[in-house]
Structures are given as structure tokens and as C-alpha cells.
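Structure assessment
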Amino acid sequence: MPTMNMIQAINSAMVTTMTRDPSVVVFGEDVGYFGGVFRATEGLQKTFGNTRCFDTPITEAGIVGAAIGMGAYGMRPVVEIQFADYIYPAFDQLASEAARIRYRSAGDFNAPITVRTPYGGGIFGGQTHSQSPEALFTHVVGLKVVIPSTPYDAKGLLISSIEDDDPVIFLEPKRLYTGPFDGNHGGPVKTWAAHAASNVPAEHYRVPLGQAAIAREGSAVTVLAYGTMVHVALAAVAEANIDAEVIDLRSLIPLDVETITKSVNKTGRCVVVHEATRTSGFGAELAAIVQRECFYQLESPVERVTGWDLPYPHAFEWHYFPSPARIAAALRQTMER
């Protein structure tokens with residue numbers, strides 16, 4: 001079984017689906033000859049030709065609008081938005097068209113499209129290359145929102161997304177694309193090494209959407225996280241020396257409420273972690289679900305560790321980025337209440 005980092009696993013998922021299904025096409029800005037800004041589509045145009053992997057003008061609304069039309073007539077477009085920060089011009093197409101087409105056509109049409117985009121911080125991208133807009137898409141009924149944290153999950157979840165008949169926003173944590181933190185600037189260190197690359201089957205396989213994974217079993221407190229924050233949370237648990245159970249949500253919509261409630265009912269405590277801004281972040285929805293489903297088992301209030309309510313700073317990235325120290329402090333506070 002080959003060893004892949006996340007970029008290689010994502011590329012393998014597209015190769016696998018394009019080989020199996022001629023209706024799968026890949027397009028976006030610089031995804032063809034150049035292979036994408038992060039090289040996730042490298043080699044696809046050479047292998048499958050420039051009618052199945054091609055470049056587009058710089059028009060996110062046009063990219064997604066074209067994908068919706070192609071999807072409605074039987075194709076399975078996989079489009080890349082270079083950074084999640086650039087996806088906003090396409091929001092109307094996603095929220096008003098892709099998410100509604102099945103409902104408004106009484107099932108006559110659907111939009112089996114996958115929108116891939118790198119999101120989150122950790123690479124000194126500053127305020128226009130580090131945003132985490134996942135909560136915006138979870139609010140739109142009809143969209144699915146998927147976020148992997150390991151190479152194995154990245155390939156399996158992307159295959160499931162491409163083969164799904166509904167539109168999927170596939171957010172790729174770019175901090176995890178090629179490896180772990182190097183230990184500088186307050187980032188997690190050796191704990192990350194095991195997650196830089198992993199064994200990923202070369203052949204077709206699926207990781208089901210809507211099924212969370214237990215990244216670490218524990219009994220004292222539940223940590224809910226996704227994407228990069230799964231690994232930061234694991235580093236924090238080691239730092240705090242607390243027997244925490246870390247849940248990797250993997251998909252936000254559909255959400256695996258059963259796994260969440262089973263864990264919190266067992267531990268009686270919960271800490272929610274994400275790097276997006278705090279106000280109206282997806283962590284608020286998670287806290288509400290835990291409050292509703294696990295009220296009588298909770299021993300302390302649900303804690304949130306998030307980014308701050310301000311533009312993502314370049315010079316002070318590691319003060320913004322939720323760190324193992326911040327999460328460890330929240331874990332200790334939760335245990336003491």
C-alpha cells in the first residue's frame with residue numbers, strides 16, 4: 001500500500017474517479033497544465049486530456065455556475081477554488097442554485113458537483129489566504145460540507161463526495177497538505193509527524209459522509225474538532241495529560257450526532273475546537289447540540305476554543321491560531337469546574 005501525504009491522496013482520488021467514470025471532469029484556475037497552485041491536480045490533464053481537466057478564467061461564479069449546468073445534465077464536475085477566501089463571488093450560485101435545484105425542480109435535476117478548496121491558516125497566508133468559512137455553508141440547506149484531517153480520509157471522503165448526487169463543499173486544510181508543523185512559531189511539534197503521511201490504498205474506496213471518527217479514545221472529556229484542529233487537539237491532550245476523547249467530525253453536514261452524544265454522555269464534559277472566528281462559528285451549533293442532547297450528563301459548561309473575531313493576522317498568526325496551550329488550558333478549566 002503506497003504512502004501518501006494529503007495532496008497526493010486528493011490527487012489519487014481524482015485519478016481514481018476520472019478513470020472509473022468518464023462523466024467526472026476537473027476544472028478551475030490553473031488546474032490544467034500547471035497542476036494547481038498546490039499541485040493537487042498535477043498530471044490530470046496529461047493523463048485525461050484537456051477536455052476533462054482544463055483551466056478557466058478567474059471567475060469563481062462562472063466556474064461554479066458552469067459546474068451546476070454540467071451537473072444538471074449528467075456530468076460530475078469537480079471544481080477547484082484556489083483558496084476558500086476567493087469562494088464568496090460564487091456563494092450566490094452555491095446557495096441559490098446548486099443547493100436548491102433538486103427541490104425547485106421536484107427532483108428532475110440535481111447538482112452532483114464537488115467544490116474543492118484549501119482553507120484555514122498555518123502557512124502565513126494573511127487575511128486573504130487563511131479564512132475558514134465552513135459555517136457559512138453549513139447554514140445553506142442542500143449543501144454538504146466535508147473536511148478531512150488525514151490522507152486516508154481525504155481520498156475516501158473525496159471519492160464519496162464526487163460520487164454523491166448532492167453538491168459538496170470539500171474544504172482541504174492546507175496546513176496538512178504536505179506535512180506536520182516544524183515546531184517554529186508556537187506550532188505543534190513531534191505529535192504531528194505521524195499524520196504527515198499515511199498508508200492510502202491506490203484503488204477505489206469510500207469513507208462515508210456523515211460518519212465521525214474517534215481519533216483518540218478517552219473517558220474524562222470529549223473534544224470535538226475537524227481538519228487541522230484534530231491534530232492540534234491531540235497535541236493539547238498530550239500536553240494537558242488528560243484522558244480526553246478526541247472526535248474527528250470529518251463532515252459537518254451531514255453531522256454524526258450519534259457519535260458526538262455517545263461520547264459526551266460518557267465523559268460528561270465537552271470542549272469544541274475550530275480555527276474560524278468564534279461568533280456564529282460552527283462550534284456554537286455543536287455546543288447547542290451537546291446542550292440539548294446531553295444536558296443531564298454534563299458536569300460543566302461546554303467550552304469553545306476558536307480563532308478571534310478579527311481578520312486573520314499575518315504577523316501574529318500563532319496568537320490567532322488555536323494552539324495546544326490554549327486547548328490544554330480549556331481542558332484543565334473544564335475538568336476543574
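The structure this text deals with has already been given above.
Residues numbered from 1 in each chain as written. Predicted model: local features only at pLDDT ≥ 70, side-chain atom pairs only at ≥ 80, totals over all residues. Heavy atoms only, no water.

Some details on the pairing of strand E7 (residues 168–173)
Within E7, six of the six residues are buried, leaving the element largely enclosed by the surrounding structure. Where burial is concerned, the two faces of E7 agree: the one with Val168, Phe170 and Glu172 and the one with Ile169, Leu171 and Pro173 are both buried. Pairing analysis gives six bridges linking strand E5 (residues 114–119) to E7, with the strands arranged parallel. When the sheet's bridge partners are listed, proline 118 is paired in E7 with glutamate 172. Viewed along the sheet, the connection from strand E6 (residues 144–146) through helix H7 (residues 151–163) into E7 turns out right-handed. (Buried < 20%, exposed > 50% of the residue type's maximum accessible area, 1.4 Å probe, protein only. Helix = DSSP H or I, 4+ residues; strand = E, 2+ residues; numbered from the N terminus. Pairing = 2+ DSSP bridges. Right-handed = clockwise from strand over helix to strand, strands pointing away.)

Overview of the sheet that holds strand E9 (residues 213–216)
Strand pairing in a sheet takes place through backbone hydrogen bonds and is either antiparallel or parallel in direction. Spatially, E9-E11-E10-E13-E14 is the arrangement adopted by the five strands of the open sheet, whose pairing is mixed. The open sheet has two edge strands with one neighbour each: E9 and strand E14 (303–307). The average angle at which neighbouring strand axes cross in this sheet is 25 degrees, direction not considered. Contacts from helix H8 (residues 228–240) reach E9, strand E10 (221–225), strand E11 (244–248) and strand E13 (270–277) within the one sheet, and its direction differs from that of E11 by about 170 degrees. (Axes fitted to C-alpha atoms, helices over the stretch in contact; angles between N-to-C directions. Contact = heavy atoms within 4.5 Å.)

Describing the nonpolar core
Ranked by internal contacts, the top residues of the largest apolar core, which has 45 residues, are Leu94, Val115, Leu224, Leu249, Ile260, Leu286 and Val290. Elements with a contribution of two residues or more to this core: strand E2 (24–28), helix H3 (60–72), helix H4 (91–98), E5, E7, helix H9 (257–267), E13 and helix H10 (282–294). In contact with valine 115, not counting residues within four places along its chain, are Val79, Ile81, Ile87, Leu94, Val168, Ile169 and Phe170. Judged by nonpolar contacts, the second largest core, of 30 residues, contains Met4, Val26, Leu176 and Val207. (Core = buried A, V, L, I, M, F, W, Y, C linked by side-chain atoms within 4.5 Å.)

Details of the environment of proline 77
When you line up the elements, proline 77 lands in strand E4 (residues 76–80). Here proline 77 falls in the buried class, since its relative accessible area comes to 1%. Separated by 90 residues in the primary sequence, proline 77 and proline 167 place their C-alpha atoms 9.9 Å from one another. Filtering out sequence-adjacent residues up to four positions away, proline 77 remains in contact with Val25, Phe27, Ala67, Met70, Gly71, Pro112, Ile113 and Thr114.

Here we look at the layout of surface pockets
In this structure, the largest pocket encloses a volume near 320 Å³. Tallied by class, the residues present in the lining of the largest pocket amount to nine nonpolar, eight polar and two charged. Approximately 220 Å³ is the volume found for the second largest pocket. In terms of lining residues, the second largest pocket is bounded by 13 residues, among which Ala135, Thr138, His139, Phe282 and Glu285 are the most central. (1 Å grid on protein atoms, 1.4 Å probe; cavity = no way out; pocket = protein on both sides within 12 Å on 5 of 7 lines; lining within 4 Å. Points joined across faces, edges and corners; volume = space filled by probe spheres on them. Nonpolar A, V, L, I, M, F, W, Y, C, P; charged D, E, K, R; others polar.)

Considerations on the sheet that holds strand E3 (residues 53–55)
The seven strands are arranged E3-E2-E4-E5-E7-E6-E12 in an open sheet whose pairing can be described as mixed. Strands with a single pairing partner mark the edges of an open sheet, and in this sheet they are E3 and strand E12 (251–253). Averaged over all pairs of adjacent strands, the angle between their axes in this sheet comes to 20 degrees, without regard to strand direction.

Regarding the environment of threonine 279
Mapping threonine 279 onto the fold places it in the loop between E13 and H10. For threonine 279, a relative accessible area of 53% puts it in the exposed group. As a C-alpha pair, threonine 279 and tryptophan 308 span 29 residues in sequence and 8.5 Å in three-dimensional space. A distance of 2.5 Å separates the side chain of threonine 279 from the side chain of aspartate 309, its partner in a polar contact. (Polar contact = N/O pair within 3.5 Å; in protein donor to acceptor, adjacent residues only side chain to side chain.)

Remarks on H9
Looking at H9, one finds that the buried residues are Thr259, Ile260, Thr261, Ser263, Val264 and Thr267. For H9, the elements touching its buried residues are E10, E11, E13 and H10. In the stretch just after H9, glycine 268 is the one whose phi turns positive, near 80 degrees.

These values are about where atoms sit, not about what they do.
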